[in-house]
Amino acid sequence: MKIFLGRNPGLDLRGVNFFGKSILEVGFGDGRDLVLFSNLGFNVFGVEVDEQVVKHTQRKLAESAVKTELRVGYNDETGFESNSLDYVYSAAALMYLRNELSSIHGTLSHIFDIVRPGGKLFATFTRSDSHIVEGSQRLDRNRIIVKDPFFRQREGQLYWLHSSKEEVERDVLGAGFSNCKVYDYNVDWFGTRETAFICVAAKALD
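Note that the structure is a prediction, hence the values are computed from the model and not measured.

About the thresholds
Residues numbered from 1 in each chain as written. Predicted model: local features only at pLDDT ≥ 70, side-chain atom pairs only at ≥ 80, totals over all residues. Heavy atoms only, no water. Helix = DSSP H or I, 4+ residues; strand = E, 2+ residues; numbered from the N terminus. Polar contact = N/O pair within 3.5 Å; in protein donor to acceptor, adjacent residues only side chain to side chain. Contact = heavy atoms within 4.5 Å. Core = buried A, V, L, I, M, F, W, Y, C linked by side-chain atoms within 4.5 Å. Buried < 20%, exposed > 50% of the residue type's maximum accessible area, 1.4 Å probe, protein only. Pairing = 2+ DSSP bridges. Expected span 1.5 Å × (residues − 1). Arc of directions from axis to C-beta.

A. Representation of the side chain of N75 in the model. Its location among the elements puts N75 in the loop between β3 (69–72) and β4 (85–90). Within the local environment of N75, its side chain forms a polar contact with the backbone oxygen of L94, the two atoms lying 3.4 Å apart. A polar atom in the side chain of N75 sits 2.9 Å from the backbone oxygen of Y96. Sequence-distant contacts of N75, defined by excluding residues within four places in its chain, comprise V26, A93, L94, M95, Y96, T107, H110 and I111.

B. Focus on the nonpolar core. Ranked by size, the top nonpolar core spans 28 residues in total, and within it L24, V88, L108, I111, F125, V172 and C199 carry the most contacts. Among residues more than four places away in sequence, those in contact with C199 are L121, F122, A123, F125, V168, V172, C180, K181 and V182. I3, I23, L70 and V200 belong to the second largest nonpolar core, which has 20 residues in total.

C. Up close: the pairing of strand β1 (residues 22–26). In terms of residue burial, β1 counts as a mostly covered element, since five of its five residues are buried. With burial as the criterion, each face of β1 is covered, one bearing S22, L24 and V26 and the other bearing I23 and E25. Of the strand pairs in this sheet, β1 and strand β2 (residues 43–48) are connected by five bridges, and their pairing is parallel. Following the sheet pairing, I23 is matched in β2 by V44. Relative to β4, β1 is paired through three bridges, and the arrangement is parallel.

D. Helix α3 (residues 51–63), seen in detail. With 13 residues, α3 extends 19 Å from end C-alpha to end C-alpha; this agrees with the ideal 18 Å at 1.5 Å per step. Every buried residue belonging to α3 is among V54, T57 and L61, and all of these are buried. Each buried residue of α3 lies within a common arc of 75° when the element is viewed along its axis, so the set occupies one face. Opposite its buried face, α3 presents the exposed residues Q52, R59, A62 and E63, each directed more than 90 degrees away.

E. Quick look at the sheet that holds strand β5 (residues 96–97). Spatial strand order, β5-β9-β8-β7: four strands in an open sheet with antiparallel pairing. This sheet does not close on itself; its edge strands, each paired only once, are β5 and β7 (137–138). As judged from the three bridges shared by strand β8 (residues 143–145) and strand β9 (residues 158–160), these two strands associate in the antiparallel manner. What sits directly across from R143, in β9, is W160.

F. Expanded view of the side chain of D86. Residue placement: D86 occurs in strand β4. At 3.0 Å, the side chain of D86 and the side chain of R116 are in polar contact. When neighbours within four sequence positions are excluded, D86 is seen to be in contact with K21, S22, V115, R116, G119 and K120.

G. Spotlight on unusual backbone geometry. At N179, a residue that is not glycine, the phi angle is positive and equals roughly 50°. With respect to the helices and strands, N179 occurs in strand β10 (residues 178–189). What makes N179 exposed here is its relative accessible area of 61%. Positioned with a positive phi, F190 is a non-glycine residue whose angle comes to about 50°. Counting through the fold element by element, F190 comes out in the loop between β10 and β11 (192–202).

See below:
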């Protein structure tokens, strides 16, 4: 909501007409952002790795008459064709790796491929000082195996971390995007310090 409706000095989208544009949310969870996108006039798509999550959110949104197309998919293999989407949006999902052969570079290359020329990416990336890093097993500079003693929802999952805005920009531009802007997110969330990098980038017109 802050991105699409906010009065942000570095990114003001309030005058943009989204009606009929396509948007894919990678990792939509309970679907709260899908409702916003539908209300803004987007043709809404979403992928999640868990089939039960997909079915639950489909039922939930159907009861609210929110039109979406949701499917099982991964951040590096969404199932969408090249140059098929106007926007890709992902909050706290692109850092997941399916296995130790996966990397953020493969994920971003896939996202770049499915965005149309002139389209945009809106995404968050996990900072290396995130609370989720605590107690994790570090595989190398960028990858950890998560230890989640409190919630136990992410236990054993493989994450990709970024240590600086410059590192995020390098990876996003390296995938082919341009006009990349990276911002800090640092909020005390009821006693838990939530940190992330927020990124906006574009796929240049041919």
